[in-house]
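# Structure assessment
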4 protein chains.
Amino acid sequence: MMHQQFQDCIDACNACADACDNCAAACLQEGHASEMARCIALNMDCAQVCRLSAALMARGSQFAAALCRVCADICRACAEECGKHSMDHCQRCAEACRRCADACARMAAA
Amino acid sequence: MMHQQFQDCIDACNACADACDNCAAACLQEGHASEMARCIALNMDCAQVCRLSAALMARGSQFAAALCRVCADICRACAEECGKHSMDHCQRCAEACRRCADACARMAAA
Amino acid sequence: MMHQQFQDCIDACNACADACDNCAAACLQEGHASEMARCIALNMDCAQVCRLSAALMARGSQFAAALCRVCADICRACAEECGKHSMDHCQRCAEACRRCADACARMAAA
Amino acid sequence: MMHQQFQDCIDACNACADACDNCAAACLQEGHASEMARCIALNMDCAQVCRLSAALMARGSQFAAALCRVCADICRACAEECGKHSMDHCQRCAEACRRCADACARMAAA
């Protein structure tokens, strides 16, 4: 399977997208959404770009590396923001974003 | 062009998705995001389902009607919520959601 | 974590989306794409609807069940088509689609 | 409306995505999909990246420009490939891709 080499990065993207979507919804519902506005906005971007990066890698697209480069930048920004907040969903999301940023940066450089 | 019959509904979905994404970001940034939490959450769902409905219609997918049925329900819920708020972006979004709900309901019934 | 209950179905959706995207690209590149046209078209629909279903479940969306119902139908159609073809990527995809159809049907009924 | 400045590029992305999804489905169904394999693969990437670029612009995302840069590259590759084929859907798609590539390149440079 020619795209199996991408599997680690695909898994990291899927896990990060799930964590970001979960974090966005939790941040909205906990009564202090205004303070979490930047976190929610980054979660939305990060989740969508991660899911599309996974799709392009799974298809072996020639543009997968270019999208992963952008994805790594978004993941890093989201990790930095989520990492500031003590809620479990934010801390889990920050960790998933850091793993995904690393995996995408490696993909983009390959 | 075989899928041209879907063009009105595709246009309504794209316009609704743009209005929902815009409304979500504006609601987040205006300092009262907690009160707008349900609006933002519905905007996120509605934007994504509208964009995917447009994609399936543009491909003439056999599942376009089934997805449009779900899309119509989401658009109606989003229109109802956005319609409660006086901000321009909410009112514009409510109007785009109503048009899209009608177009998707017609598509689903066709 | 309130959405943890959805985790099995989210995982099935992500795995199915990856298998469908992979199968679509492989079917396109193996020199007999015309015979695989229905397989590729279903792969495209299935991958995108699975990824969006995962997103809505991860956010605990009130529309997750409705989308999962549509997703289950698409997964079943894709499993049936892919199951007719002997290539490894088609057989793996058919299996991922069957698992995802079952998981989504349970979600939709919950 | 703060993101109105992006409206032209959003419109170009939506139109390009619709044309690419339409072209992919038509290329699959016309009996010579093997020869159109690269066209279909690029259509799939281009449609999805265009729809996500529209979403990020509509939200005024700080990552909209970076994604538009990737989108411009994909649009140019898709325009070049579609432009080689005489079918109406390919020629329409090539034209939509060229417009979108120009609009995204301007957005990325702004």
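One structure accompanies this document, and this report is about it. Counting restarts for each chain, with residues numbered from 1 along the sequence as it is written. All chains are assigned letters beginning with A, and all ligands numbers beginning with 1, in the order in which they are written. Since the coordinates come from a predicted model, pLDDT governs what is reported: local features require at least 70, and pairs of side-chain atoms require 80 or more to be given and counted, while whole-chain, interface and lining totals use all residues. Side-chain measures here rest on the full set of heavy atoms in the structure, leaving out hydrogens and waters.

### Regarding the overall build of chain A
Helix and strand counts for chain A stand at 4 helices and 0 strands. Helix and strand labels come from DSSP, where a helix needs a run of H or I of at least four residues and a strand needs a run of E of at least two; each type is numbered from the N terminus. Counting from the amino terminus, helix and strand elements in chain A follow one another as α-α-α-α. In terms of overall size, chain A behaves like a compact globule, its C-alpha atoms giving a radius of gyration of 14 Å where 110 residues would be expected to give roughly 13 Å. A principal-axis box enclosing the C-alpha atoms of chain A has dimensions of 45 × 20 × 20 Å. Burial classes follow relative accessibility: with a 1.4 Å probe on protein chains only, a residue under 20% of its type's maximum area counts as buried, one over 50% as exposed, and anything between as partly exposed. Relative to its 110 residues, chain A shows a buried fraction of 65%. In what follows, residue pairs with any heavy atoms lying within 4.5 Å of each other are defined as contacts. For chain A, contacts bridging at least 24 residues in sequence account for 73% of all contacts bridging at least 6. Carbon and sulfur atoms make up 49% of the accessible area of chain A, which totals about 4,000 Å². Treating the 10 positive side-chain charges of chain A as one cloud and the 13 negative ones as another, the clouds have centres 5 Å apart. Our radius of gyration is a C-alpha quantity, and the globule rule it is checked against amounts to 2.2 Å times the number of residues to the power 0.38. Accessibility throughout is a Shrake-Rupley quantity obtained with a 1.4 Å probe, and a residue counts as covered only by protein chains that appear here. Counted as positive: Lys and Arg. Counted as negative: Asp and Glu. His and the chain ends are not counted at all. To locate a charge, the coordinates of NZ of Lys, CZ of Arg, CG of Asp or CD of Glu are taken.

### Comments concerning the interface of chain A and chain C
Taken together, the contacts link 17 residues of chain A with 17 residues of chain C. When two parts are put together, the accessible area they lose, computed with a 1.4 Å probe and summed over both, is reported as buried area. Between chain A and chain C lies a buried interface of about 1,500 Å² when both sides are counted; carbon and sulfur atoms form 49% of it. Salt bridge, as used here: a side-chain nitrogen of Lys or Arg that lies within 4 Å of a carboxyl oxygen of Asp or Glu. Seen at the junction of chain A and chain C, the total is 2 salt bridges. Arg 59 of chain C is the salt-bridge partner of Asp 21 of chain A, the closest N and O atoms lying 2.8 Å from each other. Here a polar contact is recorded for every N or O atom pair within 3.5 Å, except that within protein the pair must consist of a potential hydrogen donor and a potential acceptor, and residues adjacent in sequence are included only if both atoms are side-chain atoms. Inspection of the region where chain A meets chain C yields 6 residue pairs in polar contact (both at pLDDT 80 or more). With 8 residues, helix α1 (residues 7–29) of chain A is the single largest residue contributor to the side of chain A that touches chain C. Three classes are used, and their members are as follows: Ala, Val, Leu, Ile, Met, Phe, Trp, Tyr, Cys and Pro are nonpolar, Asp, Glu, Lys and Arg are charged, and the others, Gly among them, are polar. A per-class count over the side of chain A that touches chain C returns 7 nonpolar, 5 polar and 5 charged.

### Brief notes about the relation of the copies chain A and chain C
Overlay of chain A on chain C (RMSD 0.0 Å): rotation 180 degrees, translation along the axis 0.0 Å. Taken together, the turn and the small shift mark the pair as related by a two-fold rotation axis. By residue overlap, the copies meet face to face through one surface: 100% of the interface positions of chain A are interface positions in chain C. Here the copies were fitted onto each other by least squares, based on C-alpha atoms from residues at pLDDT of at least 70 in both.

### What about the interface of chain D and chain B?
The partner chain B presents 17 residues to the 17 residues of chain D that form the contact. Taken together, the two surfaces of chain D and chain B that pack against each other cover about 1,500 Å², and 50% of this comes from carbon and sulfur. Applying the counting criterion to the chain D and chain B interface returns 6 residue pairs in polar contact (both at pLDDT 80 or more). For the side of chain D that touches chain B, the elements supplying multiple residues, two or more each, are α1 (7–29) and α2 (37–58) of chain D.

### Some remarks on the pattern of salt bridges
What the rule picks out here adds up to 36 salt bridges over all chains. Three or more residues are tied together by salt bridges with common partners; here these are Asp 18, Asp 21 and Arg 51 of chain A, Asp 45 of chain B together with Arg 59 of chain C.

### Details of the side chain of Asn 22 of chain D
Among the secondary structure elements, Asn 22 of chain D is positioned in helix α1. Here the side chain of Asn 22 of chain D touches Ala 58 of chain B through a polar contact of 3.3 Å, landing on its backbone oxygen.

### Regarding the environment of Cys 27 of chain C
Residue and element names in this part refer to chain C. Mapped onto the fold, Cys 27 is located in helix α1 (residues 7–29). Note on Cys 27: relative accessible area 0%, which makes it buried. In the structure, Cys 27 is positioned 13 residues away from Ile 40 in sequence and 6.7 Å away in space, judged by C-alpha atoms.

### Here's the deal with the environment of Ala 72 of chain B
All names here are of chain B. Tracing the sequence through the fold places Ala 72 in helix α3 (residues 64–82). For the pair Ala 72 and Glu 95, spaced 23 residues apart in sequence, the C-alpha separation works out to 13 Å. If near-sequence neighbours (up to four positions away) are discounted, Ala 72 is found in contact with Ala 101, Cys 104 and Ala 105.

Function cannot be inferred from these measures alone, as they are strictly geometric.
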